[in-house]
Amino acid sequence: MKAAQIIEPNKPLKISEIDTPIPSGKNVLVKMKAVGVCHSDLHLWEGGYDTGDGFMKVTDRGVKFPVIPGHEIVGTVSEIGDSVVGIKVGDEVLVYPWIGCGDCPTCKNGDTNLCEAPKSLGIFQDGGYAEYSLVPDYKFLVKISGIDLEGAASLSCSGLTAFTAVKKAISNSPENILIVGAGGLGLMGVQIAKALSNAKVICVDLDDEKLKIAQEMGAHHIINSKDPEAIKNIMSVCNEKGADSIIDFVNAPPTVKLDLSVIRKRGNIVLVGLFGGAVDLPLVSIPLKAITIQGAYTGNYSNLVELVDLARSGVIKPIVSKRYPLEQANNALEDLKNRKVMGRAVIIT
Ligand code: NAD
Ligand code: ZN
């Protein structure tokens, strides 16, 4: 099969013919139809994350190169192992990629996305930038006939992560939610926040074109963070009290400084982005304002099933603006890096 592999960080992905995996036992071989290009693929390709005082290498976290990236995988079942139940050849499926060790209490509780020994597809094992993907267990598939397949791809990461983050953000019944970053995740966040709450949605980005899409997706207010009046404008639409909840899909020093400047008393900050860096925390104002700062990482399988149902009902419409053949996987990553992608780009076969 044809596959795109990261051989080493920052070098072009190698696109070549490799052996097609053969499924056995509970394995399922999925013929890829579409795979989303996530900003996390870029961090993987760059080899790690900025920690503020250094670089956290993905290889120190268990990644082994070469690896086939891609964790937003949609396709049709092409072959099954002999212990597979309830899934047949030809079924249209979305792959749940956030696989764990399967044995720890967290995995047994269903939260495989939070396992301390993750085996996520497209990160710790081969993923979807290929004609076929081997899914280790049929229980990680969601049947998706009846919904747009290219759009459905982004549900397994950008949609699912935004879903988890919004659920955390609405736990304090906010009157308003500030969404920072109107990229693949943020635009999902705007739609999901509108679907799950009555809060006023304010969206911040540094790109007016992306903000325009956020408005089309239902954001009540859009604010460009490059505007010197950005903080004043956010406070003004929050009745001068500040944002009740903030979801930061960038999570870099300039955005977190903004979050801390506009968070309301009793407010809730959910950090999602992996852009990285470090900030000084104003320690006294955290207890005085009784704010909560928490992280969110993808979501569990049941959340994905719930989200697919929401998408099926038409409440969430994933935005796919660009399509690339597998041979152009490098171009897809470059375009995302150069901020040329609105919503999601997908690689298709
Ligand atoms: P994307 O490239 O599609 O979107 C990023 C958006 O942030 C763009 O619209 C960009 O204009 C905006 N932006 C960048 N810097 C900004 C700044 N300083 N101020 C305001 N806006 C700014 O990326 P994506 O696929 O949506 O992913 C976003 C981040 O979330 C990435 O770091 C990704 O790795 C991470 N991520 C986290 C999880 C998780 O579970 N926590 C899951 C998936 C992705
Ligand atoms: Zn992702």
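Our structure's up above, just so we're on the same page.
Residues numbered from 1 in each chain as written. Chains lettered and ligands numbered in written order. Predicted model: local features only at pLDDT ≥ 70, side-chain atom pairs only at ≥ 80, totals over all residues. Heavy atoms only, no water.

S.K.: Got a minute to help me understand the overall build of the protein chain in this structure?
M.R.: Counting secondary structure elements, the protein chain contains 11 helices and 17 strands. For the protein chain, the C-alpha radius of gyration of 20 Å lies close to 20 Å, the compact-globule estimate for 349 residues. Taking the principal axes of the C-alpha coordinates as reference, the protein chain spans close to 60 × 40 × 40 Å. Considering only residue pairs separated by 6 or more positions, the protein chain has 69% of its internal contacts joining residues 24 or more positions apart. Surface accessibility of the protein chain: about 15000 Å² in total, with carbon and sulfur atoms responsible for 52%. Of the charged side chains in the protein chain, 36 are positive and 39 negative; the average position of the first set lies 3 Å away from that of the second. (Helix = DSSP H or I, 4+ residues; strand = E, 2+ residues; numbered from the N terminus. Rg over C-alpha atoms; globule rule 2.2 N^0.38 Å. Contact = heavy atoms within 4.5 Å. Areas by Shrake-Rupley, 256 points an atom, 1.4 Å probe, with all protein chains shown as cover. Lys, Arg positive; Asp, Glu negative; His and termini not counted. Charge placed at Lys NZ, Arg CZ, Asp CG, Glu CD.)

S.K.: Honestly, the nonpolar core in this entry has me stumped. Any pointers?
M.R.: One broad rule of soluble globular proteins: the nonpolar side chains tend to lie buried together. Counting 89 residues, the largest nonpolar core has Tyr129, Leu155, Ile247, Leu304, Leu307 and Ile347 as its most contacted members. Residues in contact with Leu307, not counting those within four places in the same chain, are Leu155, Gly159, Leu160, Phe163, Ile192 and Ile316. In terms of nonpolar packing, the next biggest core, distinct from the first, is built from 23 residues, Leu178, Val180, Val256 and Leu258 among them. (Core = buried A, V, L, I, M, F, W, Y, C linked by side-chain atoms within 4.5 Å. Buried < 20%, exposed > 50% of the residue type's maximum accessible area, 1.4 Å probe, protein only.)

S.K.: Looking at this structure, how should I read the site of ligand 1?
M.R.: Within the structure, ligand 1 sits among 28 residues, and His39, Ser40, His43, Asp205 and Thr298 are positioned closest to it. Within the side chain of Ser40, a nitrogen or oxygen atom sits 2.8 Å from an oxygen atom of ligand 1. Taking Asp205, its side chain carries an N or O atom lying 2.7 Å from an oxygen atom of ligand 1. Against a free-state accessible area of 870 Å², the protein chains account for coverage of 96% of ligand 1. At the level of elements, α1 (39-46) and α5 (184-196) are the ones that each hand at least two residues to the shell around ligand 1. When residues of the shell around ligand 1 are assigned to their parent elements, the largest contribution, three residues, is made by α1. (Near = heavy atom within 4 Å. Polar contact = N/O pair within 3.5 Å; in protein donor to acceptor, adjacent residues only side chain to side chain.)

S.K.: What should I look at first to understand the pattern of salt bridges in this one?
M.R.: If charged atoms from side chains of opposite charge come close, those side chains can pair. For the coordinates displayed, the defined rule picks out 12 salt bridges. One salt bridge connects Lys88 with Asp91, and the closest N-O pair in it is separated by 3.0 Å. Here Asp91 falls in the buried class, since its relative accessible area comes to 10%. The partner of Asp91 in a salt bridge is Lys143, and the shortest N-O contact between them spans 3.8 Å. With Asp91 in the loop between β6 (72-80) and β7 (92-95) and Lys143 in strand β9 (residues 141-143), the pair connects residues that are 52 residues apart, well separated along the chain. By relative accessible area, Lys143 is classed as partly exposed at 42%. Here the salt bridges share partners, and the residues they tie into one network are Lys88, Asp91 and Lys143. (Salt bridge = Lys/Arg side-chain N within 4 Å of Asp/Glu carboxyl O.)

S.K.: How do you make sense of the coordination of the zinc ion (ligand 2) when you look at a structure like this?
M.R.: Put simply, the ideal angle at a metal is 109.5 degrees for four donors in tetrahedral geometry and 90 or 180 degrees for six donors in octahedral geometry. At the metal site, the zinc ion (ligand 2) is ligated by Cys38 (SG), His71 (NE2) and Cys157 (SG), and these contacts range over 2.0 to 2.2 Å. Mapped onto the sequence, the residues coordinating the zinc ion (ligand 2) show the spacing C-x32-H-x85-C. One end of the pair, His71, is in the loop between β5 (55-57) and β6; the other, Cys157, is in the loop between α3 (149-153) and α4 (158-169), and 86 residues separate them in sequence. Assessed through its relative accessible area of 0%, His71 is described here as buried. (Donors = N, O, S within 2.8 Å, 3.2 Å for Na, K, Ca; no water.)

S.K.: Got a minute to help me understand the packing of aromatic side chains in this structure?
M.R.: Where two aromatic rings form a pair, the distance of their centres and the angle of their planes describe that pair. For the coordinates displayed, the defined rule picks out three aromatic pairs. With 5.8 Å between their ring centres and 80 degrees between their planes, Tyr96 and Tyr301 make a pair best called edge-to-face. Here the residue Tyr96 occupies a position in the loop between β7 and α2 (105-108), and Tyr301 occupies one in helix α10 (residues 301-312), the gap between them amounting to 205 residues. Taking the centre distance of 5.9 Å and the plane angle of 75 degrees together, the rings of Trp98 and Tyr297 count as edge-to-face. One end of the pair, Trp98, is in the loop between β7 and α2; the other, Tyr297, is in the loop between β15 (292-295) and α10, and 199 residues separate them in sequence. We classify Tyr297 as partly exposed; its relative accessible area is 35%. By the ring-pair criterion, three or more aromatic residues cluster together here, those being Tyr96, Phe140 and Tyr301. Over the ring of Tyr132 we find Lys31, and its NZ or CZ is 5.4 Å from the ring centre. It is Lys337 that lies over the ring of Trp45; its NZ or CZ is 5.8 Å from the centre. (Phe/Tyr/Trp six-rings, centres within 6.5 Å; stacked < 30°, edge-to-face > 60°. Lys NZ or Arg CZ within 6 Å of the ring centre and 35° of its normal.)

S.K.: It is not clear to me how the sheet that holds strand β10 (residues 176-180) should be interpreted in this structure. Could you clarify?
M.R.: Hydrogen bonds along the backbone pair up the strands of a sheet, which may run parallel or antiparallel. Spatially, the six strands line up as an open sheet ordered β12-β11-β10-β13-β14-β15, and their pairing is parallel. Two strands lie at the open edges of the sheet, namely β12 (221-224) and β15, each paired on one side alone. Each neighbouring strand pair of the sheet contributes to a mean axis angle of 20 degrees, computed without reference to strand direction. Where strand β14 (residues 263-271) lies against β15, four bridges are found, and the strand directions are parallel. Bridge assignment links Asn268 to a residue of β15, and that residue is Thr292. Most of the contacts of helix α6 (residues 208-216) go to β12, to which it runs at about 170 degrees, and overall it touches β11 (200-205) and β12. Sheet strands in contact with helix α7 (residues 230-237) are β10, β11 and β12, and its direction is about 165 degrees off that of β12. (Pairing = 2+ DSSP bridges. Axes fitted to C-alpha atoms, helices over the stretch in contact; angles between N-to-C directions.)

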